[in-house]
Amino acid sequence: MHSFGRHRHNSTDKASAKGTKGLILNLGWRYDLTAWFFDTFVFRGKWRELRQKTADLAGIQVGETVLDVGCGTGTLAIEVQQRVGLTGRVYGVDPGTEQIARARSKVARRNVPIDFQIGVIEQLPFPDQTFDVVLSTLMMHHLPDSLKRQGLAEIARVLKVGGRLVIADFKPKRERHGQAARFHAGGSSMQELAALVKEAGFSQVETEEMQLSRFSAFPGAGFVRAHKS
Ligand SMILES: C[S@@+](CC[C@H](N)C(=O)[O-])C[C@H]1O[C@@H](n2cnc3c(N)ncnc32)[C@H](O)[C@@H]1O
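Calculation rules
Residues numbered from 1 in each chain as written. Predicted model: local features only at pLDDT ≥ 70, side-chain atom pairs only at ≥ 80, totals over all residues. Helix = DSSP H or I, 4+ residues; strand = E, 2+ residues; numbered from the N terminus. Buried ≥ 20, exposed ≤ 12 C-beta atoms within 10 Å, placed from the backbone. Contact = placed C-beta atoms within 7 Å. Near = placed C-beta within 6 Å. Nonpolar A, V, L, I, M, F, W, Y, C, P; charged D, E, K, R; others polar. Core = buried A, V, L, I, M, F, W, Y, C linked by C-beta atoms within 7 Å. Expected span 1.5 Å × (residues − 1). Pairing = 2+ DSSP bridges. Axes fitted to C-alpha atoms, helices over the stretch in contact; angles between N-to-C directions.

**Student:** With reference to specific residues and values, describe the overall build of the chain.
**Tutor:** Per the secondary structure count, the chain includes 7 helices and 7 strands. Mapped in sequence order, the helices and strands of the chain form the string α-α-α-β-α-β-α-β-β-α-β-α-β-β. By the burial criterion, 44% of the 229 residues in the chain qualify as buried. For the chain, the share of sequence-separated contacts (at least 6 apart) that also reach a separation of at least 24 residues comes to 75%.

What follows is the structure, given as structure tokens:
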């Protein structure tokens, strides 16, 4: 399997990952267990729907090369691998060592070729113009705005010309209701995120709100889709 970043996947990268201003999660299997519990009994499938919709909005094709930034335990990357097939390539980056260990053990069990690396959005361990698609789910609200800017510039660097970016994130706390709203400090509205994406040089920037349902306590989320011109 190709590994663009293998030469940089070393103790220096782990050190820069530790130095990030993002909120690193290091929960491993406990992340998956919590996600399953919440999605089944509280969010009623909305979390899973958000991941599917992210991949749908990216219009992923067989044979494409895709990066999931802030991939956590790799659930979206595994979904995306099925869409790109064996001729495509999927990479995941996250600073959480336990998240990456869990992601690697999930793909080892399934025998799927996904390359998960410890890394940060502000210093992506890939050459310029590597990816057809970059995805990010539920990560942006963990980053201060200055880091979002740095990260979006890095995403623009590693995307091919014409490549697509899809970001899914919770709405900021001020726009949300209910129990689940308490668990996250905030983040940007989709319009604020879209403005940062435009500022990073992307074109055709569109936003979409997720449809909520009366029977789910999912706190509200949206998507930003854009192209690298
Ligand atoms: C709420 S989790 C979302 C994980 C996964 N994308 C999902 O949808 O389940 C946010 C993830 O962002 C990661 N993260 C935090 N700071 C980051 C950074 N600077 N660069 C990349 N990922 C970061 C955390 O370690 C965590 O795994």
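Now that the structure has been shown, the text picks up again.
**Student:** If you had to explain the site of the ligand to someone new, which residues and values would you point to?
**Tutor:** By nearness alone, 22 residues border the ligand, and Gly 22, Gly 70, Gly 72, Ile 121 and Thr 137 come closest of all. Residue composition of the shell around the ligand, grouped by class: 11 nonpolar, 9 polar and 2 charged.

**Student:** Lay out the nonpolar core in plain terms, naming residues and giving numbers.
**Tutor:** Counting residues in each nonpolar core, the largest one holds 57 residues, and the members touching the most others are Val 66, Val 134, Leu 165 and Val 197. The dominant element in this core, judged by the number of residues it contributes, is strand β5 (residues 159-170), at 6 residues. Leaving out residues up to four positions away in the same chain, Val 134 has contacts with Leu 67, Val 69, Ile 155, Val 158, Leu 159 and Leu 165.

**Student:** Tell me about helix α3 (residues 46-58), and please be specific about residues and values.
**Tutor:** With 13 residues, α3 ought to run about 18 Å at 1.5 Å a step, and its terminal C-alpha atoms sit 18 Å apart, in line with that. As for α3, its buried residues are in contact with α2 (29-42), α4 (75-84), β4 (131-137), β5 and β7 (221-228). Count one or two residues on from α3 and you reach Gly 59, which has phi positive near 55°.

**Student:** Which residues make up the sheet that holds β5, and what values do they have?
**Tutor:** Across the sheet, 7 strands lie side by side as β3-β2-β1-β4-β5-β7-β6; this open sheet has mixed pairing. Both edges of this open sheet fall to β3 (114-118) and β6 (202-209), since each of them pairs with a single strand only. Each adjacent strand pair in this sheet contributes to an overall mean axis angle of 15°, direction not counted. Bridge count for strand β1 (residues 65-69) against β4 is 3 bridges, and the pairing is parallel. Bridge pairing in β4 links Val 66 to Val 133. Its contacts with the sheet place α4 against β1, β2 (89-94), β3 and β4, and it is angled at close to 165° to β2.

**Student:** An account of α2 is needed here, citing residue identities and associated values.
**Tutor:** Taking 1.5 Å of rise per residue, 14 residues should cover 20 Å, and α2 covers 19 Å from first to last C-alpha, within 8% of that figure. Remark: Arg 44 follows α2 within two positions and exhibits a positive phi of approximately 50°.

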